[in-house]
Structure formats: structure tokens, C-alpha cells
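Structural characterization, general
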Amino acid sequence: MLLLLEQILNGLQFGVMLFLLAAGLTLVLGIMNLVNLAHGSLYMVGAFVTAAVTSWSGSFMIGLAIALPATMLVGMLVEVIVLRRLYPRHHLDQVLATFGLILFFNELVRVLWGPRPVFLDVPEFLNGSVELLPGIPYPAYRLAIILVGLLVALFLYFLTQRTRIGMLIRAGASNREMVGALGVNVGLLYTIVFGIGAMLAGLAGVMAGPVYSVEMGMGEAILIQVFVVIVIGGIGSIRGALIGSILVGLVDTLGRSFLPTALRLIMDPSRADGMGSALSSMSIYMLMALVLFIKPQGLFRAHG
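Presented here is an overview of the structure given in this document. (Residues numbered from 1 in each chain as written. Predicted model: local features only at pLDDT ≥ 70, side-chain atom pairs only at ≥ 80, totals over all residues. Heavy atoms only, no water.)

A look at the pairing of strand E2 (residues 136-139)
The criterion, for reference: Each residue gets one of three labels from its accessible area relative to the maximum for its type: buried under 20%, exposed over 50%, partly exposed in between, using a 1.4 Å probe on protein chains only. Elements are defined by DSSP. Helices are runs of H or I of four residues or more, strands are runs of E of two residues or more, and each kind is numbered from the N terminus. Being paired, for any two strands, means DSSP has found at least two bridges between them.
Alternating residues of E2 divide into Ile136 and Tyr138, all buried, and Pro137 and Pro139, none buried. Judged from the four bridges that link them, strand E1 (residues 129-133) and E2 form a sheet pairing that is antiparallel. Across the sheet, Glu131 pairs through a bridge with Pro137, a residue of E2. Between E1 and E2, which pair antiparallel and follow one another directly, the connecting turn spans two residues, one of which, Gly135, has a positive phi of 85 degrees.

Shown next, in the form of C-alpha cells:
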């Protein structure tokens, strides 16, 4: 039971990390109808900027304070210079162009920081554990990730449902031509939306840095899982991104932790470990297939 509780928390932490990435990507995909494979590169940029500034200043919080606006600025520049020309183009053109951006950012990271991984220490004030229940300690930093993700979810809910810019974002997602005809600068609105999505990706990179190694190409590995989250939750839905992220995080973590052990009850250990590893890797895709079979548009429709 202690192991189960710990793995549930690990799954929740991983799900929250996925949500920070999926929230920005689902906004871009649902509102701007843009397939952005380079979203993971912004996650990588946030992690590397944090690592560099933290190493220079000795303070993780200074690294965080600089990485978020820096990643937002990079995202807005990419939107203005490259992606703005892709909105009327076919999705295949968008995929090819943003794949080119992945190569560009990977080589840029190689030039600036080299090909070797960079390691980022957990902040000193979070370098400990919290005793959730008697005899059940849990790393404070992982709890901080969960808290940050939930706060971001509340912020996005308030932004999209209770502010003027949120009203414009929802209106632009429903009928961008009418919004433009009413005098709204749709180009500027899209730049702001993309900047917010980039900042969230950078925040995910900041939070992932002390948990995983900061290395070139780190965004591509997690991007596939982020797309699975978006499909499960419903394209363009922030609520769907949150629920989908938690489901994917729990299914992936619990499957990797317990499926090989469960299979050992019915087969020899070597076969059980191999089959358990394969099935646990497939589990999130089987979850996606099940959700799409029941609800082809995902758990939550963004509009309509």
C-alpha cells in the first residue's frame, strides 16, 4: 500500500508535468489550428536557460524568473517570423516546417551548451521530503511540481473564462473571421496565445530540469505523450488537457511499476519483465483507443 501511494503520487506528478506542456499545445492547436511539433523544443529551451542562469547566479529562483519570459519571447518571435505564414497552409506543411524548427533548436542548443547533458540541482529550500502520513515521506520538490501544475490550471481557467482576453481567445477559436471583422487584431491575439503556450512549455522545462537530465532533444521524447493527452482530453480543451494528463500519468506510472510484478504470478520472471515492459509502454495508447471508441472527440469538447 505504501508503494502504491508513492506511485500514485509519482503518476500525478508526471501527469502535471504533461499538463504544463499539453495546456499550451492544446491552446495553439485548438485556437490557431496549428500542428506545432516544435513545442517540445520550447520545453528544452526553458530547461537549458534555467540551468545556465542557475549555474551563473547560484539561485534556482533567478533561473526560473529569467527562463519564463525568455521562453515566452522566443515563442513569440518564432510565431511572428515562421509560424504566422503557416496558418492558411495544410497541416502537412505545418508538420514539415515545425520539424525543421526542431532541428534548428537542437543545433542551437548544441552550439550554445554543447552535446552533453546538463544537470540541475533541486533548489535548496525544496531539497527534502514531506511526511504525508506517518512513515510515508515524499520528496518536497515533486509535491511542489504538483502544486504548481494545479495553480497553473486555476490560472488558465480564470484567464479563459473570466477575462477579456479569454473571451477573445474563445471567440477566435469559434469564428476568427468574425472576430477580425469586429476590429480585433487577430494576429496580435495569436501571438499572445502562442507566447502563453511557450511560457507554459518553458515552465514545464524548468520543473523537469532537477528531475530529469537537461539534454539536447529532450522535448521530442515527451511530445508524443503530450499529443496523446490532447487527443484523450479533446483538442482545444484546457479541462480535457488536465484530466487527460492525470489519466496518462497514472496509467503510465502504475503500469510500469506493477504490471511486470503482476505478470510474474502467471509466467516466469524473464518473460514477465519483457511482456510487462512492452504492455506498460502500450498502455497509454490503449487508453487513447478506448477513449476515442467511446467519445471520438475526446473527453471534453472545446466548443460547440
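On we go from here.
Section: the pattern of salt bridges
Applied cut-off: Here, a salt bridge means any side-chain nitrogen of Lys or Arg that lies within 4 Å of a carboxyl oxygen of Asp or Glu.
Overall, the coordinates contain four salt bridges when judged by the stated rule. With a shortest N-O distance of 3.4 Å, Glu107 and Arg110 are connected by a salt bridge. You can see Glu107 and its partner Arg110 sitting in helix H4 (residues 91-113), three residues apart, about one turn around the helix. The class for Arg110 is partly exposed, based on a relative accessible area of 36%. The partner of Arg256 in a salt bridge is Asp252, with the nearest N and O atoms 3.1 Å apart. One end of the pair, Arg256, and the other, Asp252, are both in helix H10 (residues 238-263), four residues apart, so they sit about a helical turn from each other. Taking relative accessible area as the criterion, Arg256 reaches 44% and is therefore assigned partly exposed.

Describing the packing of helix H2 (residues 39-57) against helix H8 (residues 186-208)
Which entries qualify depends on this criterion: The convention used is that axes are lines fitted to C-alpha atoms, helices contributing only their stretch in contact, and that angles between N-to-C directions extend from 0 to 180 degrees. Geometric relationships in this document are graded by angle, where less than 35 degrees denotes roughly parallel, more than 145 denotes roughly antiparallel, 65 to 115 denotes roughly perpendicular, and other angles denote oblique. A crossing counts as left-handed when the near helix is turned anticlockwise from the far one by less than a right angle, and as right-handed when that turn is clockwise. Any two residues whose heavy atoms approach within 4.5 Å are treated as being in contact. In this classification, Asp, Glu, Lys and Arg are treated as charged, Ala, Val, Leu, Ile, Met, Phe, Trp, Tyr, Cys and Pro as nonpolar, and every other residue, Gly included, as polar.
Contact geometry of H2 with H8 gives a least axis separation of 7 Å together with a crossing angle of 55 degrees. Classified by the angle their axes make, H2 and H8 are oblique. As for how H2 packs across H8, the hand of that crossing is right-handed. Judged by residue contacts, His39, Leu42, Tyr43, Gly46, Ala47 and Thr50 of H2 engage Phe194, Gly197, Ala198, Ala201, Gly202, Ala204, Gly205, Val206 and Ala208 from H8. Residue composition of the contact of H2 with H8, grouped by class: nine nonpolar, six polar and no charged.

Details of helix H3 (residues 60-81)
Test applied: Expected span of a helix: the number of residues minus one, times 1.5 Å. Counting of polar contacts relies on pairs of N or O atoms within 3.5 Å, with two restrictions inside protein: one atom must be capable of donating a hydrogen and the other of accepting it, and residues adjacent in sequence are counted only when both atoms are side-chain atoms.
Between its first and last C-alpha atoms H3 spans 31 Å; for 22 residues at 1.5 Å apiece the expected length is 32 Å, and the two agree. Residues Phe60, Gly63, Leu64, Ala67, Leu68, Thr71, Gly75, Val78 and Glu79 constitute the buried set of H3. Where the residues of H3 are buried, they touch helix H1 (2-32), H2, H4, helix H5 (140-162) and H8. If you check the start of H3, you find a side-chain oxygen 3.4 Å away from the backbone N of Met61, and it comes from Ser59.

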